Amino acid sequence: MLFFSYFKDLVGREVTVELKNDLAIRGTLHSVDQYLNIKLENTRVVDQDKFPHMLSVRNCFIRGSVVRYVQLPPDGVDIDLLHDATRREARGG
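Residues numbered from 1 in each chain as written. Predicted model: local features only at pLDDT ≥ 70, side-chain atom pairs only at ≥ 80, totals over all residues. Heavy atoms only, no water.

As annotated in an unreviewed UniProt entry, the chain carries the name Sm-like protein LSM2 and comes from Ambrosia artemisiifolia. As recorded by UniProt, the Subcellular location (unreviewed entry) comment attached to the chain reads in full: "Nucleus". (UniProt positions renumbered as here; feature names shortened; annotations may be inferred.)

Below, the structure written as structure tokens:
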């Protein structure tokens with residue numbers, strides 16, 4: 001639940017999601033659920049030459065099991081919040 005809570009705080013921010021098939025999509029995080037399924041709005045493909053068929057996609061739903069990485073905005077990372085949440089998770093509460 002640590003990552004789910006963290007991603008919920010990033011709703012409305014721009015993120016880049018890299019999938020296991022090497023497709024990287026940048027967009028505004030609209031929603032995320034407990035399975036880390038992600039809905040992005042105002043999307044654009046990072047490597048447009050490699051994936052030209054994705055140029056017309058503006059909104060997408062990404063199943064959590066196909067996500068390799070989620071790149072966060074540099075100012076979106078609150079190190080103290082992550083440390084506290086990690087400690088609470090390690091204690092079991």
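After that view, the rundown keeps rolling.
1. With respect to the nonpolar core
By size, the foremost hydrophobic cluster in this structure holds 19 residues, and its most contacted members are Val17, Leu19, Leu23, Ile25, Ile38, Leu40 and Ile62. Elements that contribute at least two residues to this core include exactly helix H1 (2-9), strand S1 (14-19), strand S2 (24-32), strand S3 (38-45) and strand S4 (60-62). Apart from the residues lying within four places of it in its own chain, the contact partners of valine 17 are Leu23, Ala24, Ile25, Ile38, Leu40, Ile62, Val67, Tyr69 and Val70. (Core = buried A, V, L, I, M, F, W, Y, C linked by side-chain atoms within 4.5 Å. Buried < 20%, exposed > 50% of the residue type's maximum accessible area, 1.4 Å probe, protein only. Helix = DSSP H or I, 4+ residues; strand = E, 2+ residues; numbered from the N terminus. Contact = heavy atoms within 4.5 Å.)

2. Concerning the pairing of S1
Burial runs high along S1: five of the six residues are buried. Between S1 and S2, which follow one another and run antiparallel, lie four residues, and aspartate 22 among them has a positive phi close to 75°. Where S1 and strand S5 (residues 67-71) come together, four bridges link them in antiparallel fashion. Along S5, the bridge assignment pairs glutamate 18 with tyrosine 69. (Pairing = 2+ DSSP bridges.)

3. With respect to helix H2 (residues 79-91)
Here H2 spans 19 Å end to end across 13 residues, near enough to the 18 Å set by a 1.5 Å rise per residue. Glycine 92 sits one or two residues past H2 and shows a positive phi near 90°. (Expected span 1.5 Å × (residues − 1).)

4. Structural notes on the sheet that holds S1
Reading across the sheet, the five strands line up as S4-S3-S2-S1-S5 and stay open at both edges, with antiparallel pairing between neighbours. Lying at the two open borders of the sheet, with one neighbouring strand each, are S4 and S5. Between one strand axis and the next, the sheet turns by 45° as a mean value, whatever way the strands run. (Axes fitted to C-alpha atoms, helices over the stretch in contact; angles between N-to-C directions.)

5. Notes on the side chain of asparagine 37
Counting through the fold element by element, asparagine 37 comes out in the loop between S2 and S3. Given the relative accessible area of 14%, asparagine 37 is considered buried. At a separation of 2.7 Å, a polar atom in the side chain of asparagine 37 contacts the main-chain amide nitrogen of glycine 64. Setting aside anything within four residues of it in sequence, one finds asparagine 37 in contact with Ser31, Val32, Phe61, Ile62, Arg63 and Gly64. (Polar contact = N/O pair within 3.5 Å; in protein donor to acceptor, adjacent residues only side chain to side chain.)

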